[in-house]
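Chain and residue survey
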Amino acid sequence: MKVSDYILQRLREWEVDHVFAYAGDGINGLLAAWGRADDHPRFIQSRHEEMSAFQAVGYAKFSGKVGVCAATSGPGAIHLLNGLYDAKLDHVPVVALVGQTNRSAMGGSYQQEVDLQNLYKDVASEFCETAMVPEQLPNLIDRAIRTAYARRTVTAVIIPADVQELDYSPPTHAFKMVPSSMGLGRYAPIPDDADIERAADVLNAGDKVAVLIGQGARGARAEVEELADVLGAGVAKALLGKDVLPDDLPYVTGAIGLLGTRPSYELMQGCDTLLMIGSSFPYTQFMPELDQARGVQIDIDPHMIGLRYPFEVNLVGDAGETLRRLLPHLRRKKRRAWREKVEKDVARWWEVMQRRAAVDADPINPEYVVHALDGRLPDDAIVTADSGSAANWYARHLRLRGRMRGSLSGTLATMGPGVPYAIGAKFAHPERPAIALVGDGAMQMNGMMEMVTAAKYWRGWADPRLVVAVLNNHDLNQVTWEMRAMSGAPQFEESQHIPDLPYAEIAQRIGLEGVRVEKPEQVEAAWDRALTADRPFVIDFRTDPAVPPIPPHAELDQIQAAASAVLQGDSDRASVVKQGFKAKVQEMLPGSRHRADRPGAGGGDSAGE
C-alpha cells in the first residue's frame, strides 16, 4: 500500500464519499491511487480548482458533512484559495489536500514550487501540516478532518509528490511517533445556570423583544419558535440563516442588513430587547442603537461571543441545548401589541413585494422573475444565490418554507459560487432539485463553464433538476447601484458593461436544456418548463438594469420628495423616480393606480402614474 492508497482509505473510513478536485502532476500519486480504489471516494472533476473548492463548500453547507477538495502543487493550490476563504468566513468544515514538489527539490526554486505553509497559514490557520514521512499518517488526515468539524473551518494537508509514492508504514509504539484514532465525539456545550438565569431576567423584563438568528440556530428551529411565542417576539434572520426558520411564519421579518427587509429594519429600530442566536452578523448599524436595547447573545464559539453589540449577557453554548435550558425560565408576555405590530409590518411587506414585482420594466423586472419563482419552489428545493443584485432578490422575494434549504457566500460575498454551490448540493442530495440565481457577471466569471460539469454528471442524479436562472442585464449591476448610491457617480461603462452571451443556447449545445426569456409574459412558463425538465436547465432572463436594489431602509423623505416632484410635473425629477424609486413612489402615492392584475404587464406611462 502506497501513502496515496492509505490517504484514500482513511477518507473512506471517515465516510468521505466525494472529493471535489482537478488533476495535476503534483497529485499524480493520488490520481493513480484513485484508479486502484475504483474511484472511491468519488473524484468529482470541476473545470477549475476554485470551483472544486466552491463545490466542496456547497456540499458541506447542504450535507452537514465535511467537504473535501484536492489540487495540484503551485497554481492548483493557489486557485483553491478563494473557495477556501469562503468556507473559512462562513464557518464551513472543508479539508484541502494539496500536492507539493518532491522533498528533494524544496527550497530549490523548482518548477511550481510555492511556499504552501506560508500561503495557507491564514486560510487554514487551525491546522495546516505537510506530510514528510509515511508515519505521520493517519494522524494528519484524522486531525485535519476532526479540526474542520470541531472548529467549523478550513484545514489543509500538504503532500509532496514523492511522499505520495512511498510505501505506507503506520506509526509504531515508539519515541516521537504519533498514533491516531478515528471518530469525532459529539458534544453540546451549555452555559452556566447562573448565566441562564441572568439572560432570562433580561428577556422577561423587555416589552418589545427582537430575535436575530443565524446559521448557528439551524438545529434549534422548534426552540426558537417556542421562544418567539412565549416572548411575543419578532424574528429577523441573517442571510446565512435564511433557511433556519420558515418565512411563512407571520412574525418572521426576513433578512436583515443591506439586502434585508423593511420589517427587519423596523424590528431593530423599535425593540427594547435583543436576543442574537448563532450569528456573527457584521452590520452593527442595522441593530438597535447602542443604548436602546438590552442584549443577550447565544453562540457556540467563545471567540465570536460579545461581538457587534454591547450585550448584557453572553451565553456560550449550543443553540438548541441553551434554549432548552432557558425556556423554562421565561414568562409568557401577556401584552401582545408588539407582536401584532410585527405581524402587520410583515404582511404589509409582502404586499409591497408583490407590488414591486408588478412594476413594468424594460424588458423584464428582475424582481418579478424571482417573485414568480417563490410560489413555484418545490417543497424540497435547495436554492443558491450568487453575489450581486441576484442576492437582493433572493433575500427579499423568496420565502423558504418547510424542508427548503438555501445559501450564498455570506461573509466573503465573493462572486461566482452560485452554480458550483448548486452542483455541490446535487452531490449532497441527488434526490432534490437545486436552483441557482446568478447574475450574468457571475455566469460569465464561473457559472457557464460549470454547466459543463453539470453536463458530465447529471445522469447520475436521482432527480436531474438543476435550474440556473441568469439575470442578464449586461451590467455588473450591484456595483453600478452602489456607485450611484454611495459615491454619487453615474455608471462607468468600461468597468460595468459586460457582453451578452447566448446562455441558453450554449446549454443546449452541451446537451442540456435552456430558453431565453425576453418578455414578462414568458417568465412563468419558463419557470414551469425548467422545474419539470429531465435534465439541467438554463433560463436566460433579459432583465432591466434600471431596477435598483433599493435598501428597504432608504430615507423616506428622499422618496417622498421624488414623489412630490412627479405630482408637480417636474420632468427631471420624474426621470429620477423612473430610474430609481418608481416602485417606492407607487407604494406611497395615495390612491395610485397600480397594475397588479398581472405582474410585469405593459402599458401606461410609468412616470405619469
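Residues numbered from 1 in each chain as written. Predicted model: local features only at pLDDT ≥ 70, side-chain atom pairs only at ≥ 80, totals over all residues. Heavy atoms only, no water.

So, a nonpolar patch on the surface
- Together, M106, M132 and V133 give the surface a local cluster of nonpolar side chains, amounting to about 210 Å² of exposed area.
- Along the chain, V133 turns up in the loop between β5 (128-130) and α7 (139-151). (Patch = residues over 30% accessible without salt bridge, like charges linked within 9 Å, V, L, I, M, F, W, Y side chains within 5 Å. Areas by Shrake-Rupley, 256 points an atom, 1.4 Å probe, with all protein chains shown as cover. Salt bridge = Lys/Arg side-chain N within 4 Å of Asp/Glu carboxyl O. Helix = DSSP H or I, 4+ residues; strand = E, 2+ residues; numbered from the N terminus.)

Details of the confidence of the model for the protein
- In the predicted model, the protein carries a mean pLDDT of 91, and the fraction of residues at 70 or more is 90%.
- Here residues 554-558 is modelled with pLDDT under 50, and outside its nearest four sequence neighbours on either side it reaches six contacts, counting other chains as well.
- Note that residues 584-609 has pLDDT below 50 and, in this model, 48 contacts with residues that lie over four places away or in other chains. (pLDDT = per-residue confidence, 0-100. Contact = heavy atoms within 4.5 Å.)

Details of the sheet that holds β5
- One open sheet accounts for six strands, arranged β2-β1-β3-β4-β6-β5; its pairing is parallel. Single-partner strands in this sheet number two, and they are β2 (42-45) and β5. Sheet twist, expressed as the mean angle between neighbouring strand axes with direction ignored, is 25 degrees.
- Pairing between strand β1 (residues 18-21) and strand β3 (residues 67-71): two bridges, direction parallel. Bridging from a neighbouring strand, A21 pairs with A70 of β3.
- Packing against the sheet, α7 makes contact with β4 (94-100), β5 and β6 (154-160), and its axis sits at approximately 160 degrees to β6. (Pairing = 2+ DSSP bridges. Axes fitted to C-alpha atoms, helices over the stretch in contact; angles between N-to-C directions.)

Digging into the packing of aromatic side chains
- Inspection of every chain in the model, using the stated rule, returns eleven aromatic pairs.
- Where Y6 meets Y168, the ring centres are 4.0 Å apart and the plane angle is 5 degrees; that geometry is what we call stacked. On the criterion of sequence distance, the pair formed by Y6 in helix α1 (residues 3-13) and Y168 in the loop between α8 (161-164) and α9 (193-205) is long-range, its members being 162 residues apart. Here Y6 matches Y168 in class, with each residue buried.
- On the basis of an interplanar angle of 40 degrees and a centroid distance of 5.5 Å, the ring pair of W527 and F541 is categorised as tilted. Placement of W527 in helix α21 (residues 523-531) and of F541 in strand β18 (residues 537-542) is noted, with a sequence separation of 14 residues between them. (Phe/Tyr/Trp six-rings, centres within 6.5 Å; stacked < 30°, edge-to-face > 60°. Buried < 20%, exposed > 50% of the residue type's maximum accessible area, 1.4 Å probe, protein only.)

Some points on the UniProt feature "domain: Thiamine pyrophosphate enzyme N-terminal TPP-binding" (unreviewed entry) in the protein
- The feature "domain: Thiamine pyrophosphate enzyme N-terminal TPP-binding" (unreviewed entry), as annotated in UniProt, sits at residues 1-118 in this numbering.
- Helix makes up 44% of residues 1-118 and strand makes up 17%, while its end C-alpha atoms are separated by 31 Å. (UniProt positions renumbered as here; feature names shortened; annotations may be inferred.)

Points about the pairing of β18
- β18 sits mainly inside the fold: six of its six residues count as buried.
- Side-chain alternation along β18 places F537, I539 and F541 on one buried face and V538, D540 and R542 on a second face that is also buried.
- Two elements, strand β16 (residues 466-472) and β18, share six bridges in a ladder whose sense is parallel. Each residue of the ladder has a partner; that of V468, found in β18, is V538.
- Two elements, strand β17 (residues 513-517) and β18, share five bridges in a ladder whose sense is parallel. Looking at β18, one finds that E513 is bridged to F537.
- Traced from β17 through α21 to β18, the parallel crossover comes out right-handed. (Right-handed = clockwise from strand over helix to strand, strands pointing away.)

Notes on the nonpolar core
- Membership of the largest hydrophobic core comes to 52 residues, with the highest contact counts inside it found for L80, L84, V94, Y120, M443, M451 and V468.
- Here this core takes seven residues from helix α3 (residues 49-63), the largest share from any one element.
- For Y120, the residues in contact, after removing those within four places along its chain, are A77, L80, L81, L84, A96, V98, S125, C128 and A156.
- A395, L398, I435 and V523 belong to the second largest nonpolar core, which has 39 residues in total. (Core = buried A, V, L, I, M, F, W, Y, C linked by side-chain atoms within 4.5 Å.)

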